[in-house]
Amino acid sequence: MLENHLIPSMDDFFHMFQNSSKKILLLVGEESDFDHKRLAQYSGEVYGAIFPQVIYGKEHFPHAMVAIELKESANVMLTDFESFRGCDMTLDGSDMLVFVDGLSSGITGFLEALYESTGKKDNILGGGAGKLTFKQEPVLFSKQEMIQDGALILTDSWHFSVAVSNCWEKISGPHIVTEAEKRELHALDFRDAFDVYREVVEKESGKGFSDREFFQLSKYYPLGISNISGKLVIRDPVSRKDGTLHLVGDIDKSSIIYILKGENEALVKAAGDAAEKALSKQNTLDNILVIDCISRTLVLENDFEKELAFIVERIPDDDMTLIGVLSVGEIANVNEGYIDFYNKTCVIGAF
């Protein structure tokens, strides 16, 4: 079992790990007092990422951190996307925990390169780091540096069981992406993407985009991209400029998409079902990790506590603490080995 700790402040981090040289994974809530410069005072190795919130047990915190003690055998790579694609490296035979800059336009290319660098049967889970400002900045770090447009990759003798949950309902589509570039969706069905999206969402919701900030309404209506297996990969429209929708994650031209909505009860139940599925596939359970999309909490509001409770209730060992993050995008390879980058999704890893 990996020892883990809820850390209220940087002072508490140094108090807990004084005179220690342990290798630490530090998951940081964006409103915490995290100060990267202070990590130079720590005698061991520290790696980590900044997220909107962290999860510990049945609670979630924007202002705290979670410290996970890694084994000395853990291998850690902090790399920008361009350097990773250029390196001659094979990551084979070990399950992986992967955190990326969730607001980068380079995620798809990185995941394709990662897929080619791994044993195709390796299990991979992780998520996107970033802040709720949705402004890109360095959010991945080692003790020596902070980077953006990159990834933090951790491997050890882990054996993950991974399950994914979203449970969003189609309300419109299929629509064809007729113009797109990376994270920018320009046109659907040969019309401005925002015009198509607005017609559907305003009719369904009875609310107008002109009366509120874009994300205050769009958070309830994500897009679903139909992938090769016929399942939906979710994309969050987080802002718009003129007729273009700006998404978390790339979208390809000629993709088939749907406009979606979700009911709280179904979303909460689906997260519990994902936990049950991941746990049922794990013979020896030492840890359970959740990567849950921050925008799910904005949709579920008070019901999000029910979602965490549903997950915790399925953990058979009362001494085991659920740990995780509320992320800007989620990563898992549950669709025939290919690595997907999701939004508005709950990913559970048991190991």
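**Student:** Lay out the overall build of the protein in plain terms, naming residues and giving numbers.
**Tutor:** When you go through the protein residue by residue, the secondary structure sums to eight helices and 25 strands. Scaling as 2.2 N^0.38, a compact globule of 351 residues should have a C-alpha radius of gyration of about 20 Å, and the protein matches this with 20 Å. The dimensions of the protein, computed from C-alpha atoms along their principal axes, are 60 × 45 × 40 Å. Every one of the 351 residues in the protein was classed for burial, and the buried ones make up 59%. Approximately 14900 Å² of the protein is accessible, and the part contributed by carbon and sulfur atoms is 43%.

**Student:** Kindly report on the sheet that holds strand 2 (residues 23–29), identifying the contributing residues and their values.
**Tutor:** To summarise the sheet geometry, strands pair through backbone hydrogen bonds and adopt either a parallel or an antiparallel arrangement. Spatially, six strands are ordered 1-6-2-3-10-11 in an open sheet, and the strand pairing comes out mixed. Every other strand in the sheet has two partners, leaving strand 1 (4–7) and strand 11 (146–147) as the edge strands with one partner each. Across four bridges, strand 1 lies against strand 6 (residues 65–70) in antiparallel orientation. Bridge pairing in strand 6 places L6 opposite V66.

**Student:** Describe the pairing of strand 25 (residues 346–350), and please don't skip the residues or the numbers.
**Tutor:** Moving residue by residue along a regular strand, the side chains alternate between the two faces of the sheet. Buried residues dominate strand 25, accounting for five of its five residues. One ladder, built from five bridges, connects strand 13 (residues 161–165) with strand 25; its direction is antiparallel. Bridge assignment links V164 to a residue of strand 25, and that residue is V347. Bridging between strand 21 (residues 288–293) and strand 25 involves five bridges; their strand directions are antiparallel. In the sheet register, V290 faces strand 25, and the bridge partner there is I348.

**Student:** Explain the sheet that holds strand 21 to me, and be specific about the residues and the numbers.
**Tutor:** Here six strands make up an open sheet; going across it, the order is 5-4-22-21-25-13 and the pairing mixed. Looking at strand neighbours, the two that pair on one side only are strand 5 (59–61) and strand 13, the edges of this open sheet. Between one strand axis and the next, the sheet turns by 20° as a mean value, whatever way the strands run. In this structure, strand 21 lies alongside strand 22 (residues 323–327), joined through five bridges in parallel fashion.

**Student:** Could you give an account of the pairing of strand 3 (residues 46–51), naming the residues involved and the relevant values?
**Tutor:** Burial runs high along strand 3: six of the six residues are buried. The side-chain alternation of strand 3 yields two buried faces, one formed by V46, G48 and I50 and the other by Y47, A49 and F51. By the bridge criterion, six bridges tie strand 2 to strand 3 in an arrangement that is parallel. Looking at strand 3, one finds that G29 is bridged to F51. Direction of pairing for strand 3 relative to strand 10 (residues 140–142): antiparallel, over a ladder of three bridges. Across the sheet, residue G48 finds its bridge partner in strand 10, namely F141.

**Student:** An account of the nonpolar core is requested, with residue identities and associated values reported.
**Tutor:** Counting 51 residues, the largest nonpolar core has F13 and F99 as the members making the most contacts within it. Apart from the residues lying within four places of it in its own chain, the contact partners of F99 are L25, L27, F51, G126, G127, L140, G150, A151, L152, L154 and I291. Counting 29 residues, the second largest nonpolar core, distinct from the first, contains A274, A275, V299 and C346.

**Student:** Pulling in residues and values, what's your account of the packing of helix 6 (residues 264–280) against helix 8 (residues 304–313)?
**Tutor:** Where helix 6 contacts helix 8, the two axes come as close as 8 Å, and the packing angle between them is 20°. When the interaxial angle is binned, helix 6 and helix 8 end up roughly parallel. Read as a crossing pair, helix 6 and helix 8 show a hand that is right-handed. Touching L267, V268, K269, A271, G272 and A275 of helix 6 are K306, E307, F310 and I311, all from helix 8. Across the contact of helix 6 with helix 8, the residue classes tally to six nonpolar, one polar and three charged.

**Student:** Describe the packing of aromatic side chains, and please don't skip the residues or the numbers.
**Tutor:** Inspection of the entire model under this criterion finds 17 aromatic pairs. An angle of 70° between the planes, with centres 5.4 Å apart, marks the rings of F194 and F209 as edge-to-face. Pair noted here: F194 is in helix 4 (residues 193–205) and F209 is in the loop between helix 4 and helix 5 (214–218), with a separation of 15 residues, a long-range link. Across the pair, F209 and F194 agree in class, each one buried. One aromatic cluster is present, built from ring pairs that chain together F13, F14, F17 and Y42. Here the basic side chain of K170 rests over the ring of Y258, its NZ or CZ set 4.0 Å away from the ring centre. A cation sits over an aromatic face here: R240 above F194, 4.1 Å from the ring centre.

Parameters at a glance
Residues numbered from 1 in each chain as written. Predicted model: local features only at pLDDT ≥ 70, side-chain atom pairs only at ≥ 80, totals over all residues. Heavy atoms only, no water. Helix = DSSP H or I, 4+ residues; strand = E, 2+ residues; numbered from the N terminus. Rg over C-alpha atoms; globule rule 2.2 N^0.38 Å. Buried < 20%, exposed > 50% of the residue type's maximum accessible area, 1.4 Å probe, protein only. Areas by Shrake-Rupley, 256 points an atom, 1.4 Å probe, with all protein chains shown as cover. Pairing = 2+ DSSP bridges. Axes fitted to C-alpha atoms, helices over the stretch in contact; angles between N-to-C directions. Core = buried A, V, L, I, M, F, W, Y, C linked by side-chain atoms within 4.5 Å. Contact = heavy atoms within 4.5 Å. Parallel < 35°, antiparallel > 145°, perpendicular 65-115°, else oblique. Left-handed = near helix turned anticlockwise from the far one by under 90°. Nonpolar A, V, L, I, M, F, W, Y, C, P; charged D, E, K, R; others polar. Phe/Tyr/Trp six-rings, centres within 6.5 Å; stacked < 30°, edge-to-face > 60°. Lys NZ or Arg CZ within 6 Å of the ring centre and 35° of its normal.

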